[in-house]
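Residue-level listing of the chains:
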Amino acid sequence: MHEFRVQVGPAGFRIGSVWEAPIRTLAELYRDYPTPTITDYSVRLEAVSPWRRYIRPSVAINGDYMLPDAAPLPLTQALLAAEMAMNLQMALGWRRHLLLHASAVEKDGKALIMTGESGSGKSTLSAMLGHMGWRFMGDEFVLLDLVTGEATPFPRLISLKNEAIDAMQAQVAADRFGPLMCGTPKGDIRHLVPPRDAVQSMGVAARPALLLFPSFGFQSAVRPVAPSEVFARLTQASTNYVALGEAGFGALTGFVKGVPARAIDYRNGDEALTLVNQLWDDLA
Amino acid sequence: MLALPTTYLRDDNPQLIIEPLDAMTVIYHRRSGMTHIVAEPVPQILACMDTAPVTAADIARRIADTFEVDDAEVEAVIAARLEEMAELGIVERIRA
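Note that the coordinates shown come from a computational prediction; the quantities given were computed from them, not determined experimentally.

Student: Would you mind showing me how to read the environment of A:Phe4 here?
Tutor: All names here are of chain A. Along the chain, Phe-4 falls in strand 1 (residues 2-8). By relative accessible area, which is 12% here, Phe-4 ends up buried. In this structure, the C-alpha to C-alpha distance between Phe-4 and Gly-133, residues 129 residues apart in sequence, is 31 Å. Among all residues touching Phe-4, those that are not within four sequence positions of it are Phe-13, Arg-14, Ile-15, Ile-23, Leu-26, Ala-27 and Tyr-30.

In C-alpha cells form, the structure reads like this:
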C-alpha cells in the first residue's frame, strides 16, 4: 500500500492506495502542506476486485467512514476519489466544529461565507477572491468553532468544475493545477492548489461577517434572507448539526443572529465580484 | 359525568432553549435532541406556561390579557397548538 499524509487545517489525513500514481499526484499537489505525525482519518483507495487493479482499474473509496453504496471511479479519476473520501471522513466523523457545506474567504480578520447547491458558484467565487487579495479558507467545508463562533480554515484543493476551469486557468499558473478529469459524475473537474498564503495561514481563524447564497446563471439581483430561512437552510447544509446536539444549536443560532445574509444572483464572474464587494462594504 | 378539560405541563425550563429569530422561533429540546422551528403563537403559549399544569382556557385568558384579543376565539387555536406541542414532546399532556 502506497501512503501519503497531509494536514489540512485542524484535520490530519492518511491516504493509502494500492496504486502509486494517485499518491504521487497527491504529494505533488499538497507539497506545501504540513505532514501530520498523528492522523485523524484514514482513507484507502482500493481495487473493486483483485483483477480490477490491473484490468480497467476501478477505485473503491474506503476509509474510517464509508458509504456502502458509493459508486467506484475509474483510476483516471483517483484524485477525485481521494478528495471525495477526505470529504466523507469530515462529513461523517468531524465533531470539533459545526460543519457547513460552504466556501469561505477572509479579509481583515473577517470571513465571507458562501453556501448553496452544487453549481451555485461557491467554489469558483472563493477561488477567484482568493487570487484577488482575499485569503482563501476553503471551498468545501466551513468549520465554525462551537464556543467562539469563529471560522477555522480548511483549505483543501479547490474543486473547479466545467466553465470555472477555463476561468481560473486564465488567471493562475499552470503548475498550480491538478490533472483534468473528464466525464466525472459532476462533469469536468480540475483541482487548483490554494494560494500559498492560504496554506501558511491555515491556523488563523476569522470572524464570520457576511453570509451569501449565490446562484449562478440569473440576472444580477440581491435579496435579504431572513434569519429563520438562514437557519433552516444551514441545517440542511450541515452534515453534523444533528450529531452535535445542543452545542450545534448554540453555534448555529449564534451564527444566524450575528451574521447578515443575502442571496445574490449573477450571470458572470464580474457581476458576482461587483455584488460581493458592494455587500462587503455595506454589511461586513 | 362532566369531562374535565385536558391540562398541559410545560417541560422544565432547562429542557427548552428558546431563540427568537424573526417571525419564527427556534427551540432546542434537550430531552429529545430535536430542533423545532415554530411560528406564533407557540412562543407566546410557552411564555404563558410556568411550572403548574394549565388548560387551553387558562392560556387563552393570559394571552387575551396581554394582547387584547377575544379569548373565546383564541382558545380553539391554542388548544390545537397545545396538542401539536404535546405530540412533539415540548409540553406534556396530562389528562384529567
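Student: Mind showing me how you'd approach the interface of chain B and chain A here?
Tutor: By a widely used convention, the size of an interface equals the accessible area lost when the partners come together. Opposite the 12 residues of chain B that make contact, chain A presents 12 residues. Roughly 1,000 Å² of surface becomes buried between chain B and chain A when both sides are summed, with 67% attributable to carbon and sulfur atoms. The interface formed by chain B and chain A contains 2 salt bridges. B:Arg30 is the partner of A:Glu246 in a salt bridge, and the nearest nitrogen-oxygen pair spans 2.6 Å. Remark: the boundary between chain B and chain A carries 5 residue pairs in polar contact (both at pLDDT 80 or more). Breaking the side of chain B that touches chain A down by element, the ones donating at least two residues are strand 2 (16-20), strand 3 (24-29) and strand 4 (34-39) of chain B. Sort the elements by how many residues they give to the side of chain B that touches chain A and strand 3 of chain B lands first, with 4 residues. Of the residues in the side of chain B that touches chain A, the class split is 8 nonpolar, 1 polar and 3 charged.

Student: Mind showing me how you'd approach the sheet that holds strand 2 (residues 11-17) of chain A here?
Tutor: Strand pairing in a sheet is mediated by backbone hydrogen bonds. Such pairs are either parallel or antiparallel. Residue and element names in this part refer to chain A. Spatially, the 5 strands line up as an open sheet ordered 1-2-3-4-5, and their pairing is mixed. Each edge of the open sheet is held by one strand with a lone partner, namely strand 1 and strand 5 (73-74). Bridging between strand 4 (residues 58-63) and strand 5 involves 2 bridges; their strand directions are antiparallel. Within the sheet, the bridge partner assigned to Ser-58 lies in strand 5 and is Pro-74. Each of strand 1, strand 2 and strand 3 (41-47) is contacted by helix 1 (residues 20-29), which is oriented at about 25° to strand 1, the strand it contacts most. Set on the sheet, helix 2 (residues 78-93) makes contact with strand 2, strand 3, strand 4 and strand 5; between it and strand 3 the angle comes to about 140°.

Student: I'm lost on the pairing of strand 1 (residues 7-10) of chain B in this one. Help?
Tutor: The two faces of a sheet get side chains in turn, since along a regular strand they alternate between them. All names here are of chain B. Sheet analysis places strand 1 next to strand 6 (residues 91-94), joined by 4 bridges and oriented antiparallel. Counted as the bridge partner of Leu-9 is Glu-92 from strand 6. The pairing of strand 1 with strand 5 (residues 54-55) spans 2 bridges and is classified as antiparallel. In the strand pairing of strand 5, Tyr-8 is matched with Val-54.

Student: When you look at the layout of surface pockets in this model, what are you seeing that I'm missing?
Tutor: Taking a probe equal in size to a water molecule and rolling it over the atoms shows the remaining empty space. Residues and elements named next belong to chain A. Within this model, the largest pocket holds a volume of roughly 1,100 Å³. Around the largest pocket sit 48 residues that line it, and Ser-118, Ser-123, Ser-159, Lys-161 and Lys-186 are the ones nearest its centre. The set of elements that each furnish at least two residues to the lining of the largest pocket consists of helix 2, helix 3 (122-130), strand 11 (158-161), helix 4 (163-169), strand 13 (187-192) and helix 6 (227-237). Among the elements that line the lining of the largest pocket, the one with the most residues is helix 2, at 7 residues. Counted by class, the lining of the largest pocket contains 22 nonpolar, 17 polar and 9 charged residues. Both domains that meet at the lining of the largest pocket, namely domain 1 (2-93) and domain 2 (97-283), each give it at least three residues. Put simply, the second largest pocket is a space of about 180 Å³. Considering each element in turn, the lining of the second largest pocket owes the most residues, 3 residues, to helix 6. Its residues assigned to classes, the lining of the second largest pocket comprises 2 nonpolar, 4 polar and 2 charged.

Conventions used here
Residues numbered from 1 in each chain as written. Chains lettered and ligands numbered in written order. Predicted model: local features only at pLDDT ≥ 70, side-chain atom pairs only at ≥ 80, totals over all residues. Heavy atoms only, no water. Helix = DSSP H or I, 4+ residues; strand = E, 2+ residues; numbered from the N terminus. Buried < 20%, exposed > 50% of the residue type's maximum accessible area, 1.4 Å probe, protein only. Contact = heavy atoms within 4.5 Å. Buried area = accessible area lost by both parts, 1.4 Å probe. Salt bridge = Lys/Arg side-chain N within 4 Å of Asp/Glu carboxyl O. Polar contact = N/O pair within 3.5 Å; in protein donor to acceptor, adjacent residues only side chain to side chain. Nonpolar A, V, L, I, M, F, W, Y, C, P; charged D, E, K, R; others polar. Pairing = 2+ DSSP bridges. Axes fitted to C-alpha atoms, helices over the stretch in contact; angles between N-to-C directions. 1 Å grid on protein atoms, 1.4 Å probe; cavity = no way out; pocket = protein on both sides within 12 Å on 5 of 7 lines; lining within 4 Å. Points joined across faces, edges and corners; volume = space filled by probe spheres on them. Domains from an automatic or database assignment.

So, to be careful, I would describe these as geometric facts and stop short of saying anything about function.
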